[in-house]
Amino acid sequence: MAMNHKVAMHFAARDAEALERAQRRQENPVAVATAQFSTDFSEAKKGVQEKLEEVETLEESSRGSCFDQLLRQCQDMQKLISSSSGFLSAFDIRQALKDVHELQTAVNTKQELLMPRKRFAFKPRVKKVVSTKGGDQSPARTPPLCSRRSLSLDRCPSLDTVYGDRAQPQATDGAGAGNPPCGVSDLEDTTVTLQHDEVAVRDVSLSRLTRCCVRIHGSPSTLHASKLDNCILLCGPVSTSVFLDKCTNCKLVFGCQQVRLASLWQRFP
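This section reports on the structure supplied with the text.

## Considering the packing of helix α2 (residues 29-54) against helix α3 (residues 60-84)
For step 1, the next point in the chain: Relative orientation of the contacting elements α2 and α3 amounts to 165°, with a least axis distance of 10 Å. One element, α2, and the other, α3, form an angle in the roughly antiparallel class. Between α2 and α3 lies a crossing of left-handed hand. Contacts between α2 and α3 pair Phe37, Asp40, Phe41, Ala44, Lys45, Val48, Lys51 and Leu52 from the former with Cys66, Phe67, Gln69, Leu70, Gln73, Cys74, Met77, Leu80, Ile81 and Ser84 from the latter.
For step 2, the next point in the chain: Tallied by class, residues from the contact of α2 with α3 come to 12 nonpolar, 3 polar and 3 charged.

## What about the packing of α3 against helix α4 (residues 90-114)?
For step 1, the next point in the chain: Close contact between α3 and α4 brings their axes to 10 Å; oriented N to C, the two are set at 170°. The angle between α3 and α4 falls in the class roughly antiparallel. Here Arg63, Phe67, Leu70, Leu71, Cys74, Met77, Gln78 and Ile81 of α3 lie close against α4, whose contacting residues are Ile93, Ala96, Leu97, Val100, Leu103, Gln104, Val107, Asn108, Lys110, Gln111 and Leu114.
For step 2, the next point in the chain: When grouped by side-chain class, the residues that make up the contact of α3 with α4 number 13 nonpolar, 4 polar and 2 charged.

## A closer look at the nonpolar core
For step 1, the next point in the chain: Leu194, Val204, Leu206, Leu209, Ile216 and Leu223 are the most contacted members of the largest nonpolar core, which has 22 residues in total.
For step 2, the next point in the chain: When contributions to this core are tallied by element, the ones reaching two or more residues are β5 (182-188), β6 (191-194), β7 (203-210), β8 (213-216), β9 (222-229), β10 (232-237) and β11 (241-245).
For step 3, the next point in the chain: Ignoring anything within four residues of it in the chain, the contact list for Val204 reads Cys182, Leu194, Val199, Ile216, Pro220, Thr222, Leu223 and His224.
For step 4, the next point in the chain: Of all hydrophobic cores here, the second largest spans 18 residues; its members include Leu52, Val55, Cys74 and Met77.

## Concerning α4
For step 1, the next point in the chain: Over its 25 residues, α4 runs 36 Å from end to end, which matches the ideal 36 Å to within 8%, given 1.5 Å per residue.
For step 2, the next point in the chain: Ile93, Ala96, Asp99, Val100, Leu103, Val107, Lys110 and Gln111 are the residues of α4 that are buried.
For step 3, the next point in the chain: Packed against the buried residues of α4 are α2 and α3.

## Overview of the pattern of salt bridges
For step 1, the next point in the chain: The full count for this structure, using the stated rule, is 5 salt bridges.
For step 2, the next point in the chain: Arg208 serves as the salt-bridge partner of Asp186, at 2.6 Å between the closest nitrogen and oxygen. Highlighted residues: Asp186 in strand β5 and Arg208 in strand β7, separated in sequence by 22 residues.
For step 3, the next point in the chain: One salt-bridge network, held together by shared partners, links Glu188, Asp189 and Arg211.

## Topic: the sheet that holds β10
For step 1, the next point in the chain: An order of β6-β8-β10-β13 is seen for the 4 strands of this open sheet, with the pairing classed as parallel. Two strands bound the open sheet, and with one partner strand each, they are β6 and β13 (251-255). Strand after strand, the sheet turns through a mean of 5° between neighbouring axes, direction not considered.
For step 2, the next point in the chain: Here β6 runs beside β8; their pairing, made up of 4 bridges, is parallel. Residue pairing for β8: Thr193 is matched across the bridge by Arg215.

## Observations regarding α3
For step 1, the next point in the chain: The terminal C-alpha atoms of α3 lie 37 Å apart, and with 25 residues this matches the ideal 36 Å at 1.5 Å per residue to within 8%.
For step 2, the next point in the chain: Those residues of α3 that fall on the buried side of the exposure criterion are Arg63, Gly64, Cys66, Phe67, Leu70, Leu71, Cys74, Met77, Ile81 and Ser84.
For step 3, the next point in the chain: Of the surrounding secondary structure, the elements contacted by the buried residues of α3 are α2 and α4.

## Details of the state of the cysteines
For step 1, the next point in the chain: Enumeration according to the criterion identifies 0 disulfides in this entry.
For step 2, the next point in the chain: Sulfur of Cys250: no disulfide; nearest cysteine sulfur belongs to Cys231 and is 4.9 Å away.

## Overview of the side chain of Asp245
For step 1, the next point in the chain: Within the secondary structure, Asp245 sits in strand β11.
For step 2, the next point in the chain: Despite its burial, Asp245 remains without a salt bridge, the nearest opposite charge being carried by Lys246 at 5.0 Å.
For step 3, the next point in the chain: Residues contacting Asp245, with those up to four places away along its chain left out, are Ala225, Ser226, Lys227, Ala262 and Ser263.

## Here we look at the environment of Ser84
For step 1, the next point in the chain: Along the chain, Ser84 falls in helix α3.
For step 2, the next point in the chain: Relative accessible area serves as the criterion here: at 5%, Ser84 is assigned to the buried category.
For step 3, the next point in the chain: On a C-alpha basis, the gap between Ser84 and Phe37 in space is 7.4 Å, while along the polypeptide they are 47 residues apart.
For step 4, the next point in the chain: At a separation of 2.9 Å, a polar atom in the side chain of Ser84 contacts the main-chain carbonyl oxygen of Leu80.

What counts and what doesn't
- Residues numbered from 1 in each chain as written.
- Predicted model: local features only at pLDDT ≥ 70, side-chain atom pairs only at ≥ 80, totals over all residues.
- Heavy atoms only, no water.
- Axes fitted to C-alpha atoms, helices over the stretch in contact; angles between N-to-C directions.
- Helix = DSSP H or I, 4+ residues; strand = E, 2+ residues; numbered from the N terminus.
- Parallel < 35°, antiparallel > 145°, perpendicular 65-115°, else oblique.
- Left-handed = near helix turned anticlockwise from the far one by under 90°.
- Contact = heavy atoms within 4.5 Å.
- Nonpolar A, V, L, I, M, F, W, Y, C, P; charged D, E, K, R; others polar.
- Core = buried A, V, L, I, M, F, W, Y, C linked by side-chain atoms within 4.5 Å.
- Buried < 20%, exposed > 50% of the residue type's maximum accessible area, 1.4 Å probe, protein only.
- Expected span 1.5 Å × (residues − 1).
- Salt bridge = Lys/Arg side-chain N within 4 Å of Asp/Glu carboxyl O.
- Pairing = 2+ DSSP bridges.
- Disulfide = S-S within 2.5 Å.
- Lys, Arg positive; Asp, Glu negative; His and termini not counted.
- Polar contact = N/O pair within 3.5 Å; in protein donor to acceptor, adjacent residues only side chain to side chain.

Here you go:
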């Protein structure tokens, strides 16, 4: 009987202690907010995982919008972490960000597997030869699209107007098409437009461009711009960071979470 009495007293004390801890949590607003965050975050994570498993059963025409929705849900989870950082512990924030990163990686991997993108390449620009009355032949000079002294979008006509189909990207099929990095390099006096399906959730690289107008529609993952001279860059919101290196006399318009600057110059007349 004495042993049973001791066991009953032990369980009663344990229940009272658990009840006291629950009451303290209810009285503490931080604990309540943390518990609510854990519930909301877990439900959002479970929703993304379930929808990601159902993508393979969808028709090909519907997969693109489904992947866009999954990425938006991942961004909403990041916003939830940011708005809750005031009361979350450092460990909880790191763990939540790690979970979001793993979800985004899984979404991008499955998108590359189910929706491979074609490779784009630019034709080399061939200069026309103009014949004169005296028989001399000289290459025709292409008028510049953007002035070095003053940059203006109105002075950048469309690529079709100036070059016809000579500078348009062409898709190349065959083995190794896969999902190559997206980028433009080694161009002069050119207007380039990258559409949403070419840059969505991808790393975009721009290098060695002179007097070019680059318009990027959509939301790339990262943007790298190196050795741009007298260029105009208009880009949609970048999901993570933008890296700029050796850009001279350029006008850059974009939105991002972080900008890393290596070296920028402005030449004055």
